[in-house]
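So the chains spell out like this:
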Amino acid sequence: MRALTYDQHGQAGQVLRLSEQPPPAAPAAGQVRVRVLSRPIHPGDLAVVEGFPGESRQRFATPRIPGVEGMGVIETVGEGVQDLRPGQRVAFFPVPAAWSELLTAPTDLVVPVPEGVSDETAALMLVNPLTLLTLLRAVEDAQRSQAGAVVQTAAGSSVGKLVSAAALKHGIPLVNLVRSATGAQTLRQRFPELTTISTADADWRTQVRDATGGRGAQVVLDAVGGSLTGELAGLLDDGGTLITYGQLGSGSTPLESLALTPRALTVRGVSIGQWMTRTPEERAEDVALAARLAATSPELFEVAASYDLADFAKAVDHVRRPGKSGTVLLTSPAS
Ligand SMILES: NC(=O)c1ccc[n+]([C@@H]2O[C@H](COP(=O)([O-])OP(=O)(O)OC[C@H]3O[C@@H](n4cnc5c(N)ncnc54)[C@H](OP(=O)(O)O)[C@@H]3O)[C@@H](O)[C@H]2O)c1
């Protein structure tokens, strides 16, 4: 089978290789073997390949296969598996080595794709909605002591658009930040009810203050990091919370610059890894909600482009293309 592998951290387009790998062993009891047809390239996948900022870059004795999410068709099922059958379309998360053509997965990490949901939508049906739910829970916690406006950065991202749609549904007072005037215009067309501000405007800080009633934000959802984080902390109301969940930008933010103590600010990291600590029942509810969202709102699962596994370098370039809208997929044939 074909798979993308890497044996050292570095620029994904350079360290990834397309190689022939032995297929995974036949599924054991409680497992299924999936022929993977499509998987997203998430910014987090690239961070795993490239090495997270602040961590030393490593070489690995055994090549690794990236990816944790995707969709495909069940080829065989292991002993005792009753609810899933060969030929069924499934989505999976978190299952390692998604950037390969075949994988085995435990049945509790595999979800039947609802009828009517396309392969493209199914490929990104889980991570982003589950991230949304994790973020919404963190926002709810942060609003407990004092309610107020929520500001999010990188609002034009796939996750950001889910946050916007959820804010409209749940009446969360959301202010969207993007980094360009064009990005702001596009997002205003998509969500005319929400305020969208471009950080390319010289007066963007004043615009945020105005949009948050002069108080500043109670919560900032930040996927950018770097120097912007310091600026965002300055735009929080006293007692507010900065929730950091990504690092699309570069550079670092010295903690002392945030005036955490005098202003009683909280900084909280949020990761989908925390979602795995929920109980199996809670996770099943969340997954069901994600599947419902995929079935009812496919427009929230926009695909920027699809590339065969062999074209990974072009795909990685596309992920980083300014103004890209939606998620880039890596595909492989059904047989
Ligand atoms: N913590 C977690 O568990 C978790 C899970 C899922 C996602 N995430 C994070 O969520 C964020 C969004 O992911 P996604 O897949 O939704 O992204 P995406 O669809 O690929 O979109 C990326 C967006 O980020 C913007 N952007 C890129 N670099 C930027 C910068 N330096 N400053 C400001 N904006 C920038 C782009 O804006 P332009 O249109 O201007 O190019 C684009 O709108 C990422 O940081 C990702 O790591 C975290």
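Keep in mind that this is a model prediction, so the values were computed, not measured.

Turning to the overall build of the chain, a few remarks are in order. When helices and strands are tallied, the chain shows 10 helices and 16 strands. The C-alpha atoms of the chain give 21 Å as radius of gyration, which agrees with the globular expectation for 335 residues (20 Å, within 12%). With the principal axes as the frame, the chain shows a C-alpha extent of 60 × 40 × 35 Å. Across the 335 residues in the chain, those meeting the buried criterion constitute 49%. Put simply, 67% of the contacts in the chain that link residues at least 6 apart link residues at least 24 apart.

All right, on to the sheet that holds strand 4 (residues 59-64) then. Within the open sheet, the three strands sit side by side as 2-1-4. Their pairing is antiparallel. Looking along the sheet, the strands with just one partner apiece sit at the ends: strand 2 (17-20) and strand 4. Taking each pair of neighbouring strands and ignoring which way they run, the sheet shows an average axis angle of 30 degrees. Where strand 1 (residues 2-8) and strand 4 come together, two bridges link them in antiparallel fashion. Across the sheet, residue tyrosine 6 finds its bridge partner in strand 4, namely arginine 64.

Here we take up the sheet that holds strand 9 (residues 150-152). Taken in spatial order, the six strands make up an open sheet running 11-10-9-12-13-14, and their pairing is parallel. Single-partner strands in this sheet number two, and they are strand 11 (195-198) and strand 14 (266-269). Strand after strand, the sheet turns through a mean of 20 degrees between neighbouring axes, direction not considered. Where strand 9 and strand 12 (residues 217-222) come together, three bridges link them in parallel fashion. Across the sheet, residue valine 150 finds its bridge partner in strand 12, namely valine 219. The strands touched by helix 7 (residues 204-211) are strand 9, strand 10 (174-178) and strand 11; relative to strand 11, the strand with the most contacts, the crossing angle is about 165 degrees. Sitting on the sheet, helix 8 (residues 227-234) is in contact with strand 10, strand 12 and strand 13 (236-244), with an inclination near 150 degrees to strand 13.

Taken together, the neighbourhood of the ligand is formed by 22 residues, with Val159, Arg179, Ile272, Gly323 and Lys324 sitting nearest. Contacts to the ligand include tyrosine 245, whose backbone N or O atom sits 2.9 Å from a nitrogen atom. Within the backbone of glycine 323, a nitrogen or oxygen atom sits 2.8 Å from an oxygen atom of the ligand. Expressed as a share of its isolated accessible area of 940 Å², the protein-covered part of the ligand is 84%. Of the residues in the shell around the ligand, the class split is 10 nonpolar, 10 polar and two charged. Both domains that meet at the shell around the ligand, namely domain 1 (2-125 + 301-331) and domain 2 (128-273), each give it at least three residues.

Attention now goes to the domain arrangement of the chain. One can read the domain layout of the chain as domain 1 (2-125 + 301-331) and domain 2 (128-273). On the side of domain 2, 10 residues touch domain 1, which itself brings 12 residues to the contact. Buried surface at the junction of domain 1 and domain 2, summed over both partners, amounts to about 720 Å²; 52% is from carbon and sulfur atoms. By the criterion of area lost to domain 2, the three top residues of domain 1 are Pro53, Phe93 and Phe301, representing 37% of everything that side buries. Applying the counting rule to domain 1 against domain 2 returns one salt bridge. In this structure, the salt-bridge partner of glutamate 302 is lysine 161, at a minimum N-O distance of 3.4 Å. Here domain 1 and domain 2 share three residue pairs in polar contact (both at pLDDT 80 or more) between them.

Here strand 15 (residues 303-308) pairs with strand 16 (residues 327-331) via five bridges, running parallel. Paired with tyrosine 307 across the bridge in strand 16 is leucine 330. Regarding topology, helix 10 (residues 312-319) serves as the crossover connection from strand 15 to the parallel strand 16, and that connection is right-handed.

Here is what the cut-offs are and how they apply
Within every chain, residues take consecutive numbers counted from 1 along the sequence as written. Local features in this predicted model are restricted to residues whose pLDDT is 70 or higher, and side-chain atom pairs enter the listing and the counts only when it is 80 or higher, whereas totals over whole chains, interfaces and linings include all residues. Derived side-chain values reflect all non-hydrogen atoms in the structure, with water molecules and hydrogen atoms excluded from consideration. Strands are runs of DSSP state E lasting at least 2 residues, helices are runs of H or I lasting at least 4, and numbering of each runs from the N terminus. We compute the radius of gyration from the C-alpha atoms alone; for a globule the expected value is 2.2 Å times N to the 0.38, where N is the number of residues. Using a 1.4 Å probe on the protein chains alone, a residue whose accessible area is under 20% of its type maximum counts as buried, one over 50% counts as exposed, and one in between counts as partly exposed. Pairs of residues are marked as contacts when any of their non-hydrogen atoms sit within 4.5 Å. Any two strands with at least two DSSP bridges between them are considered paired. Whenever a helix is involved, its axis is fitted only over the stretch in contact; in every case the axis is a line through C-alpha atoms, and angles between N-to-C directions fall within 0 to 180 degrees. Proximity is defined per residue: any heavy atom of the residue falling within 4 Å of a molecule or strand makes that residue near it. In protein, a polar contact means a hydrogen-donor-capable atom and an acceptor-capable atom, both N or O and within 3.5 Å, with residues adjacent in sequence counting only if both atoms are side-chain atoms; elsewhere, any N or O pair within 3.5 Å suffices. Under the convention used here, a 1.4 Å probe and the Shrake-Rupley method define accessible areas, while residue burial counts only the protein chains that appear. As a working rule, the residues Ala, Val, Leu, Ile, Met, Phe, Trp, Tyr, Cys and Pro are called nonpolar, Asp, Glu, Lys and Arg charged, and the rest polar, with Gly in that last group. Residue ranges assigned to the domains are those given by an automatic or database domain assignment. By convention, the term buried area covers the 1.4 Å-probe accessible surface removed from two parts as they join, with the contributions of both added. Salt bridge, as used here, is a side-chain nitrogen of Lys or Arg placed within 4 Å of a carboxyl oxygen of Asp or Glu. Throughout, right-handed denotes a crossover for which the path from the first strand over the helix to the second runs clockwise when the strands point away from the viewer.

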